[in-house]
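Breakdown of the fold
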Amino acid sequence: MSDRIESALAQIRALQEKNWPAQVPREFTYPAGTPALAEHLRHWARERPDTVAISFYGRDITYAAYDEMSDRFAGWLTSIGVQPGQRVGVHLGNCPQFHIAMLGILKVGAVHVPINPLFKGHELRHELDDAGVGTLLTQTDLRELVETVRADTPVQTVVTTALGDLLEAAPTVPVPFDPDDREGSDWADLMAAPRHVGGPSDPDALAALNYTGGTTGMPKGCEHTQRHMAYTAATVTMSGGRIPGDPDCVSLNFLPVFWIAGEDFGILKPLINGQTVVLMTRWDPTAAAALIAEHKVTDTVATVDSYLEMMNRPDFDGADFTSLHNPLAVSFVTKLSPEIRRLWREATGGVLREASYGMTETHTGDTFTLGFQDEDHDLHAEPVFCGFPVPGTDILIVDEQGVSVPVGESGEIIVRSPSILTAYYGRPDATAESIRDGWLYTGDIGRIDERGALHYLARTKEMIKINGMSVFPTEVESLLMLHAGVESVSVVPRPDPERGQVPVAFVVPADDSVTEEALTAWARENMARYKVPDILLVAEMPMTATGKIRKGVLLERAAELKPGTES
């Protein structure tokens, strides 16, 4: 089997070599000489100490300050006895403290566990327990939630920070939080710790557990190393036509940095390059437009809908966006089309391109589309054109037996790269199923065209995409089954014009006292808002002769439902 794979790979590589875009470099070196993040931060603190690393609503943090503050967070961790390999959770929305804490954790050789601040009780309890988090940095307004689940987890130490802790003056644009509400914050005490003095990083040691959904049960932790992170940052840089270390890029990031794409574009790419990231806590078209103009932003990643929101503002001025050389679009709800690209080009002079194919298991950013935009070649390809694999990554299409299929035929996408997960944490069964002979079997469906480019045909068959956020039915089902009034449940998606898809839960109640309204209220208290499903009580599930739920029937029923208000 491996000989067939390698033979097919040689054919695809030859196609890609022949058609490789001239704008995209093929080789790179790490600016700090090593695939490690802590070393890159120290490198830029020496080489570019006064360069702004993070700009946050008017507060600019230089590389020298970034290095010092992460040293102090690392010093605090060592003062409470955190050892290499121990898991430290970061339970924050977008703010500089997230970056500082992450780098501090890596500096002491501990394991960074980013945790979604939208989580409710059961979700939070699962991740803290599954990862074995012993120390947690959380937001001041989330401390009460943490305490409700803490007794059921390994967490021993909890400290807090407020989103506005690092703001020194009135924000330059409206912020989505109260910048003066810092009651209960421990941040000043953390920054009073002596600076940590550590040795070199091990780029291949476990450095992070990034959680992803799955087709069975609750989310799993993907084991990632600093080498995975550095490789992703370097190749994402090359995907934009740059060489790692180029100081001239300024990124705007509002993607949640506790998710892998936000981490890549909001933390890793700027850090590897010694560049500036303009950080937003969440999306706001007015604030984004003002920040792009003020900071001469060159790079950003946003949904197609986000770009449309900015263009549709009454005061939109395309001249403010001429610095934006690398605007990447993600087609979640609205698909990038030649017409939308034309409107953007006429307004700003720039070119919108699809971002890339990727997933948490690969650290995402696996492909690039630069060089394929002439005559809208990429946008005329159906349904989503993903381009070529980044340098060092291989992508093939295989059939159900794992045999490579001819060019142009569809099948399962498999990926081999220096950034695929080492393993699913504590899940040797899932690891063995997904990683075979060094290849990650993604479960996604795609094809490779005559140029050697990847086309994405369908997401993992069980996944639901809600405003770009991935939700697996099994996770919602597992949470709902915790309710004593649920006898059985099956979750499927229905299309929604505003959010792309929404989950619909068909529930067989345990008794007559259960109501749809009560289950919905319970779901809102126990799962992140975007996961809360429309709930329909049914007397029984449609079953096959072999005892399986007929999801096709449920999909048809769900599709007939009228779109409602957001849960």
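Presented here is a report on the structure given in the accompanying data block. In this text the structure is predicted, and so the values were computed from the model without any measurement.

**Things to note about the overall build of the chain**
Scanning the chain from N- to C-terminus turns up 17 helices and 25 strands. For 567 residues, the compact-globule estimate of 2.2 N^0.38 gives 24 Å, and the C-alpha radius of gyration of the chain, at 23 Å, lies within 12% of that figure. The principal-axis extent of the C-alpha atoms belonging to the chain is close to 70 × 60 × 55 Å. Long-range contacts, defined here as pairs at least 24 residues apart, represent 69% of the contacts in the chain between residues at least 6 apart.

**Digging into the packing of helix 8 (residues 226-239) against helix 9 (residues 260-273)**
Close contact between helix 8 and helix 9 brings their axes to 9 Å; oriented N to C, the two are set at 85 degrees. Compared by their axis directions, helix 8 and helix 9 come out roughly perpendicular. Every residue of helix 9 that contacts helix 8 at Met229, Ala230, Thr232, Ala233, Val236 and Thr237 is listed here: Glu263, Asp264, Phe265, Leu268, Lys269, Ile272 and Asn273. Broken down by class, the residue content of the contact of helix 8 with helix 9 amounts to seven nonpolar, three polar and three charged.

**A closer look at the side chain of Gln226**
Take Gln226: it is sitting in helix 8. A polar atom in the side chain of Gln226 sits 3.5 Å from the backbone nitrogen of Ala38. When residues no more than four places from it in sequence are discounted, the contact partners of Gln226 are Pro35, Ala36, Leu37, Ala38, Leu106, Ser201, Pro203, Ala205 and Ala207.

**Re the pattern of salt bridges**
In total, this model carries 28 salt bridges according to the counting rule given. Its salt-bridge partner being Arg313, residue Asp315 comes within 2.6 Å of it at the nearest N-O pair. Judged by its relative accessible area of 52%, Asp315 falls in the exposed class. Among the residues examined, Arg313 registers a relative accessible area of 14% and is labelled buried. Linking Arg342 and Glu346 is a salt bridge whose minimum nitrogen-to-oxygen distance equals 2.8 Å. Taken together, the residues span about one helical turn, with Arg342 and Glu346 both in helix 12 (residues 338-348) at a distance of four residues. On the basis of relative accessible area, Glu346 is assigned to the exposed category, the value being 56%. Residues joined in a network through salt bridges with shared partners are Glu6, Arg13, Asp394 and Arg416.

**Re the environment of Glu168**
Tracing the backbone shows Glu168 in the loop between strand 6 (157-161) and helix 7 (187-190). Glu168 gets classed as exposed once you look at its relative accessible area, which sits at 66%. Placed 228 residues apart in sequence, Glu168 and Leu396 show a C-alpha to C-alpha distance of 50 Å.

**What to know about helix 2 (residues 37-47)**
Summarising burial for helix 2: nine of the eleven residues are buried, a large majority. The complete set of buried residues in helix 2 reads Leu37, Ala38, Glu39, His40, Leu41, Arg42, His43, Trp44 and Ala45. Packed against the buried residues of helix 2 are helix 3 (63-79), helix 4 (96-107), helix 8 and helix 9.

**Side note on the side chain of Thr281**
With respect to the helices, strands and loops of the structure, Thr281 is situated in the loop between strand 10 (276-279) and helix 10 (285-295). A distance of 3.0 Å separates the side chain of Thr281 from the backbone oxygen of Asn94, its partner in a polar contact. Non-local contacts of Thr281, meaning those with residues more than four positions away in its chain, are made with Phe56, Tyr57, Asn94, Leu163, Pro176, Phe177 and Phe254.

**A word on the sheet that holds strand 11 (residues 299-303)**
Read from one edge of the open sheet, seven strands run 2-1-10-9-11-12-13, paired in mixed fashion. The outermost strands of the open sheet, each flanked by one partner alone, are strand 2 (59-62) and strand 13 (353-354). Alignment of strand 1 (residues 52-56) against strand 10, held across two bridges, turns out to be parallel. In the strand pairing of strand 10, Ile54 is matched with Val277.

**Concerning the environment of Val113**
With respect to the helices, strands and loops of the structure, Val113 is situated in strand 4 (residues 111-114). Remark: the alpha-carbon pair of Val113 and Arg72, spanning 41 residues in sequence, is separated by 19 Å. Once residues lying within four places of it in the same chain are set aside, the contact partners of Val113 are Arg87, Val88, Gly89, Val90, Glu127, Ala131, Val133, Leu209 and Tyr211.

**Quick notes on the state of the cysteines**
For the structure shown, the criterion picks out zero disulfides. We note that Cys222 lacks a disulfide partner, and the nearest cysteine sulfur, in Cys386, lies 19 Å from it.

**A closer look at the pairing of strand 11**
Counting buried positions along strand 11 yields five of five residues, so the element is predominantly enclosed. Here strand 11 shows two buried faces, one formed by Asp299, Val301 and Thr303 and the other by Thr300 and Ala302. Of the pairings in the sheet, the one linking strand 9 (residues 250-253) to strand 11 comprises two bridges and is parallel in character. The partner of Leu252 across the bridge, within strand 11, is Thr300. Both strand 11 and strand 12 (residues 326-330) contribute to a ladder of five bridges, which runs parallel.

**Side note on a negative patch on the surface**
Taken together, the side chains of Asp141, Asp178, Asp180, Asp181 and Glu183 make up a negatively charged region of the molecular surface. For Asp178, a relative accessible area of 47% gives the class partly exposed.

**Looking at unusual backbone geometry**
Phi is positive for Tyr57, which is not a glycine, with a value near 50 degrees. Examined against the element boundaries, Tyr57 turns out to sit in the loop between strand 1 and strand 2. With a phi angle near 70 degrees, His363 is a residue other than glycine that sits in the positive phi range. Assessed through its relative accessible area of 0%, His363 is described here as buried.

**Overview of helix 9**
Taking 1.5 Å of rise per residue, the 14 residues of helix 9 would be expected to cover 20 Å, and the 18 Å separating its terminal C-alpha atoms lies within 8% of that figure. The largest bend in helix 9 is about 30 degrees, located at Ile267, with the proline Pro270 one to four residues further on. The buried fraction of helix 9 is high, at 13 of 14 residues. Within two residues after helix 9, Gly274 carries a phi angle of roughly 65 degrees, on the positive side.

About the criteria used
- Residues numbered from 1 in each chain as written.
- Predicted model: local features only at pLDDT ≥ 70, side-chain atom pairs only at ≥ 80, totals over all residues.
- Heavy atoms only, no water.
- Helix = DSSP H or I, 4+ residues; strand = E, 2+ residues; numbered from the N terminus.
- Rg over C-alpha atoms; globule rule 2.2 N^0.38 Å.
- Contact = heavy atoms within 4.5 Å.
- Axes fitted to C-alpha atoms, helices over the stretch in contact; angles between N-to-C directions.
- Parallel < 35°, antiparallel > 145°, perpendicular 65-115°, else oblique.
- Nonpolar A, V, L, I, M, F, W, Y, C, P; charged D, E, K, R; others polar.
- Polar contact = N/O pair within 3.5 Å; in protein donor to acceptor, adjacent residues only side chain to side chain.
- Salt bridge = Lys/Arg side-chain N within 4 Å of Asp/Glu carboxyl O.
- Buried < 20%, exposed > 50% of the residue type's maximum accessible area, 1.4 Å probe, protein only.
- Pairing = 2+ DSSP bridges.
- Disulfide = S-S within 2.5 Å.
- Patch = residues over 30% accessible without salt bridge, like charges linked within 9 Å, V, L, I, M, F, W, Y side chains within 5 Å.
- Areas by Shrake-Rupley, 256 points an atom, 1.4 Å probe, with all protein chains shown as cover.
- Lys, Arg positive; Asp, Glu negative; His and termini not counted.
- Charge placed at Lys NZ, Arg CZ, Asp CG, Glu CD.
- Expected span 1.5 Å × (residues − 1).
- Bend = angle between axes of the 7 residues up to and from the residue.

What is shown is where atoms sit, not what they do.
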